[in-house]
Amino acid sequence: MAASPDRELGEARNAIDRGDAEAALKSLDRARKGYGRARDSEGLEHVLDMAALVDASHDRVRIGRENLTYAAKQNLRQESRRRARQLGRDWVDPFPDLQAPTEHTGLVLTRGVKLWIGLGVLAAIAAIVGVVLVSVLVDTGPKTTVTLRLDNNTGRTVTVRACAEGTCPSREVGPGEETETKVDADKLVQVFRLEQSGPDRCLPLRVHDGFLAFGRPDALEASLSQATPCPGTTVLPRPGGSQGSTL
């Protein structure tokens, strides 16, 4: 049987006491996910309190702690919005500073290693950050969707692939054309993969932050030229855009 979030919290406490910061972060993240599924705000607050006790003297641990804190606050944010909707009240963002998640995450290359080793470490850490950012936050209430539109300003035809709920539809988008898809407005990041000659490029769009930052618009848009080598750098989409073809 999977450990309960309370047990994971206890394991994290033990890891902190013996000075094993990385093990503590792993247990805390498992506890966060368990409390998130249970809609346990008090448990999530405990995760935040415990995260503050993790020794972050090393860069890798500091980054992991910041990412864990960011994810836990997003869980609490989601739960507070669900409760406000359930009670028919206006929602007040408990963590307005999370509008810019790049302030809460970071990547560091270890000094003294050769360039190719450093790039490998960077890619591995970026993948871990991506997993944290796309963690599903549970909310069984009514869903609000937003249209994401991509305009192809690259000057060439590009195959764009978007994965959601186990399916990865793709579409060829010609120069100057647009493509669109609907996603849950509460989704943290939607990643689009651009398949082309040479290495693929990725465009991770910060859906939820864009939806809140621009007054809950019906549509958000971005340009394919904003894609970077996979796993990609997160991009805040802009509001509006004209209707395009469906992806």
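Placed above this text is the structure.
All values derive from a computational prediction rather than experimental measurement.

1. Focus on the overall build of the protein
Argument step 1. Across its full length, the protein holds 6 helices and 10 strands.
Argument step 2. Sequence separation of 24 or more characterises 63% of the internal contacts of the protein that already satisfy a separation of 6 or more.
Argument step 3. Of the roughly 13000 Å² that the protein leaves accessible, carbon and sulfur atoms contribute 53%.

2. Focus: the pairing of strand E5 (residues 190–195)
Argument step 1. Only one face of E5 is covered, namely the face carrying Gln 190, Phe 192 and Leu 194; the face carrying Val 191, Arg 193 and Glu 195 is uncovered.
Argument step 2. As paired elements, strand E2 (residues 158–162) and E5 share 4 bridges and run antiparallel to each other. Bridge pairing in E5 links Ala 162 to Phe 192.
Argument step 3. Here E5 runs beside strand E6 (residues 201–205); their pairing, made up of 5 bridges, is antiparallel. Note that in E6 the partner of Arg 193 across the bridge is Cys 202.
Argument step 4. Between E5 and E6, which pair antiparallel in sequence order, lie 5 residues; one of them, Gly 198, sits at a positive phi of approximately 90°.

3. Let's talk about the sheet that holds E2
Argument step 1. An order of E3-E2-E5-E6-E8 is seen for the 5 strands of this open sheet, with the pairing classed as antiparallel. The open sheet has two edge strands with one neighbour each: strand E3 (170–173) and strand E8 (228–229).

4. Quick word on the packing of helix H1 (residues 5–17) against helix H3 (residues 41–51)
A packed helix pair is summarised by two numbers, namely the angle formed by the two axes and the spacing between the axes.
Argument step 1. In the contact formed by H1 and H3, the axes pass within 11 Å of each other and the chain directions differ by 10°. The orientation of H1 relative to H3 falls into the category roughly parallel. Where H1 abuts H3, its residues Leu 9, Ala 12, Arg 13 and Ile 16 lie against His 46, Val 47 and Met 50.
Argument step 2. Considered class by class, the residues forming the contact of H1 with H3 number 5 nonpolar, 1 polar and 1 charged.

5. Focus on the pattern of salt bridges
Argument step 1. With the rule as written, the count across this model stands at 18 salt bridges.
Argument step 2. Arg 77 is paired through a salt bridge with Asp 93; the nearest N and O atoms lie 2.8 Å apart. One end of the pair, Arg 77, is in helix H4 (residues 59–87); the other, Asp 93, is in the loop between H4 and helix H5 (115–133), with 16 residues separating them in the sequence. For the pair Arg 77 and Asp 93, a shared accessibility class is recorded, and that class is buried.
Argument step 3. Here Asp 151 makes a salt bridge to Arg 238, at a shortest N to O gap of 3.0 Å. Pair noted here: Asp 151 is in strand E1 (residues 145–151) and Arg 238 is in strand E9 (residues 238–239), with a separation of 87 residues, a long-range link.
Argument step 4. Judged by its relative accessible area of 16%, Asp 151 falls in the buried class.
Argument step 5. Residue classification places Arg 238 among the partly exposed residues on the basis of a relative accessible area of 31%.
Argument step 6. By sharing partners, the salt bridges in this structure join Arg 77, Asp 93, Arg 206 and Asp 209 into a single network.

6. Topic: the state of the cysteines
Argument step 1. The tally for this structure, following the rule as stated, stands at 1 disulfide.
Argument step 2. Here Cys 202 pairs with Cys 230 through a disulfide, and the sulfurs are 2.0 Å apart. Across the S-S bond of Cys 202 and Cys 230 the torsion is about 90°, and the bridge reads as right-handed. Pair noted here: Cys 202 is in strand E6 and Cys 230 is in the loop between E8 and E9, with a separation of 28 residues, a long-range link.
Argument step 3. Under the relative-accessibility criterion, Cys 202 is labelled buried at 3%.

What counts, and at which threshold
Residues numbered from 1 in each chain as written. Predicted model: local features only at pLDDT ≥ 70, side-chain atom pairs only at ≥ 80, totals over all residues. Heavy atoms only, no water. Helix = DSSP H or I, 4+ residues; strand = E, 2+ residues; numbered from the N terminus. Contact = heavy atoms within 4.5 Å. Areas by Shrake-Rupley, 256 points an atom, 1.4 Å probe, with all protein chains shown as cover. Buried < 20%, exposed > 50% of the residue type's maximum accessible area, 1.4 Å probe, protein only. Pairing = 2+ DSSP bridges. Axes fitted to C-alpha atoms, helices over the stretch in contact; angles between N-to-C directions. Parallel < 35°, antiparallel > 145°, perpendicular 65-115°, else oblique. Nonpolar A, V, L, I, M, F, W, Y, C, P; charged D, E, K, R; others polar. Salt bridge = Lys/Arg side-chain N within 4 Å of Asp/Glu carboxyl O. Disulfide = S-S within 2.5 Å.

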